[in-house]
Amino acid sequence: MPSPSTSEPGIGQSTSAFRCIGCGDLSDTAGQNFRCVKCGDLLEITYPERKEEKPVAEHLKSIWRERRLSSNPIDLSGVWRFRDLLPALGNDQQAITLREGNTPLYDLPQCARIAGIPRLLAKHQGMNPTGSFKDTGMTVAATFARRAGFRWVACASTGNTSASMAAYAARGGLRGLVLVPEGKISWSKLSQALDYGAVTCQLRTDFDGCLRLLQELVLRAPVYQLNSINPFRLEGQKTLAIELLEQLEWRSPDHIIVPGGNLGNSSAIGKALLEMRDLGLISRLPKLSVIQAEGANALVRTMRETGGKRLVSVRAETRATAIRIGNPASWKKAVHVIEATGGTCEQVSEIEIAQAKAEIGAEGIGCEPASAVTLAGLKKLVKQNFVTPDETVVLVLTGNLLKDPDFTIDFHRGELFKGKESTSALDSLRRPPIVLDANLDAVIRTLEQAEKS
Ligand code: F0G
């Protein structure tokens, strides 16, 4: 039997409102496209009551600690455990949860040495139930979709969102519609959406084309969109940062480095950092920096060419398919949090991504290519002296190694960049599978050769 909930009166009950990030208009309701009715910009969730009555930081910390001892499903979730900083549920039983969050914070000593800093940590969001950080946002957004009475939820995706949405829809008794670019997402992610029973459409376009179509669909059909344009998603994803700071005993790291695609996750982490600072949960803001693939560098170009004032869209191309996005929806939110925390953005090449991924893998951790941009970016930021050798850095690994096995196998077999570019930097990291006769001598010879190399 679940133990009684640890929600207390006055805690976990803060009412929320929608605020336009462009004109600041406040509203109690949001349309299907989650855009401001006055100026068309994106909405975010805000908590007006906090201005009058701030929750006490020490009180919050002790409630969150206490809930770790509870066996109530909502307390076992690493997202809903922090529900005091999320939109109010009303009834704890309403949450659609797969025990998301609760992800490990690992030391990466070899990668630290490679990057040239004494200590490097990785918050591994690939350890979530469906293998990516999307679950932390999906539990909240799917819950509010069901609460609003929707039967259908939908998303456009480079793969992970669709896997996550399909799972939470199934758990919550909702129908799921998935729009993915045909041939441009990994089979592992596609197989998840199928297994969890979503209606899965492979559209002959890219991610940006899928998202554009979804925006039109939600205005015509009663489906609730669960892309990160949906601000409930970002509220859930805030808990990545809250949980991280709790793991660090509320001592802020100097830097948090995150991959950037549609830019929802960086926006969510930044929002959490600013809220935690305002509530007195932390006394110092970490710098939040976003890394993109060179072939999908809309934010980098936006910052460099327009000072973050106007989006520069790109035609995206990268083997890190999760971040193959050229027209990021949450670019304005991301620019805001990068500037507010004093972070930066940087881009990395395909070879740098593959190298960093193999280096993380060699620590026994593993991640998908899009996550590895963080280490590749860190190396650049150290060279630029933006990260200095005495600073603590946390990389956010967004997806599990098993999300994209083709990339890993192609890399180790030497097929990833075949005939394209010089890849000698990668040779020492390759561990191709060795085909042998079933012969003891052959295996011993292989062992001896490996020992020598
Ligand atoms: N890393 C992984 C593994 C992702 O799947 C994504 C986005 C990102 C990083 C970038 O995060 O979009 O919040 O900036 N994947 C989306 C999807 C778009 O459809 O699964 P972002």
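The paragraphs below set out a description of the structure included in this document. Note that the structure is a prediction, hence the values are computed from the model and not measured. (Residues numbered from 1 in each chain as written. Predicted model: local features only at pLDDT ≥ 70, side-chain atom pairs only at ≥ 80, totals over all residues. Heavy atoms only, no water.)

### Some details on the pairing of strand β7 (residues 175-181)
Then step 1. Counting buried residues in β7 gives 6 out of 7 residues, a clear majority hidden from the surface.
Then step 2. Pairing geometry for strand β6 (residues 152-156) and β7, over 5 bridges, is parallel. By the bridge assignment for β7, Cys155 is matched with Val178.
Then step 3. Between β6 and its parallel partner β7, the chain crosses via helix α6 (residues 160-171), and the hand of that crossover is right-handed.
Then step 4. Pairing of β7 with strand β8 (residues 199-203), which is carried by 5 bridges, proceeds in the parallel orientation. Looking at the pairing, Val180 lines up with Gln202 of β8.
Then step 5. Handedness of the β-α-β unit built from β7, helix α7 (residues 187-195) and β8 comes out right-handed. (Buried < 20%, exposed > 50% of the residue type's maximum accessible area, 1.4 Å probe, protein only. Helix = DSSP H or I, 4+ residues; strand = E, 2+ residues; numbered from the N terminus. Pairing = 2+ DSSP bridges. Right-handed = clockwise from strand over helix to strand, strands pointing away.)

### What to know about the packing of helix α5 (residues 134-147) against helix α9 (residues 231-247)
Then step 1. Across the interface, α5 lies against α9 with an axial gap of 7 Å and an inter-helix angle of 140°. In terms of their interaxial angle, α5 and α9 are classed as oblique. Regarding α5 and α9, the two cross each other, and that crossing is right-handed. For the pair formed by α5 and α9, the contact residues are Lys134, Thr136, Gly137, Met138, Val140, Ala141 and Phe144 on the first element and Phe232, Arg233, Gly236, Gln237 and Thr239 on the second.
Then step 2. Its residues assigned to classes, the contact of α5 with α9 shows 5 nonpolar, 5 polar and 2 charged. (Axes fitted to C-alpha atoms, helices over the stretch in contact; angles between N-to-C directions. Parallel < 35°, antiparallel > 145°, perpendicular 65-115°, else oblique. Left-handed = near helix turned anticlockwise from the far one by under 90°. Contact = heavy atoms within 4.5 Å. Nonpolar A, V, L, I, M, F, W, Y, C, P; charged D, E, K, R; others polar.)

### Things to note about the sheet that holds strand β9 (residues 223-225)
Then step 1. Strand order across the open sheet formed by 4 strands is β8-β7-β6-β9, with parallel pairing between neighbours. Bordering the open sheet on either side are β8 and β9, each of which pairs with just one other strand. Averaged over all pairs of adjacent strands, the angle between strand axes in this sheet comes to 25°, irrespective of strand direction.

### Thoughts on the environment of Leu203
Then step 1. Inspection of the secondary structure assignment puts Leu203 in strand β8.
Then step 2. Put simply, Leu203 and Gly137 are 66 residues apart on the chain and 24 Å apart in space, counted from C-alpha to C-alpha.
Then step 3. If sequence neighbours within four positions are ignored, Leu203 has contacts with Leu179, Val180, Pro181, Glu182, Cys210 and Leu213.

### Re helix α8 (residues 207-220)
Then step 1. For α8, spanning 14 residues, the distance from its first C-alpha to its last is 20 Å, which sits close to the expected 20 Å at 1.5 Å a residue.
Then step 2. Within the span of α8, buried status applies to Phe207, Asp208, Gly209, Cys210, Leu211, Leu214, Gln215 and Val218.
Then step 3. Contacts made by the buried residues of α8 are with β6, β7, β8 and β9. (Expected span 1.5 Å × (residues − 1).)

### What to know about the site of the ligand
Then step 1. Looking at the ligand, there are 20 residues lining it, with Ser157, Gly261, Asn262, Leu263 and Thr398 nearest.
Then step 2. Between the ligand and Asn262 there is a distance of 2.7 Å, counted from an oxygen atom to a backbone nitrogen or oxygen.
Then step 3. One of the side-chain N or O atoms of Thr398 is found 2.7 Å from a nitrogen atom in the ligand.
Then step 4. Contact with the protein chains removes 99% of the 470 Å² of surface that the ligand exposes when unbound.
Then step 5. Secondary structure elements with two or more residues in the shell around the ligand: α6 and α10 (264-278).
Then step 6. In the shell around the ligand, the residues fall into 7 nonpolar, 11 polar and 2 charged. (Near = heavy atom within 4 Å. Polar contact = N/O pair within 3.5 Å; in protein donor to acceptor, adjacent residues only side chain to side chain. Areas by Shrake-Rupley, 256 points an atom, 1.4 Å probe, with all protein chains shown as cover.)

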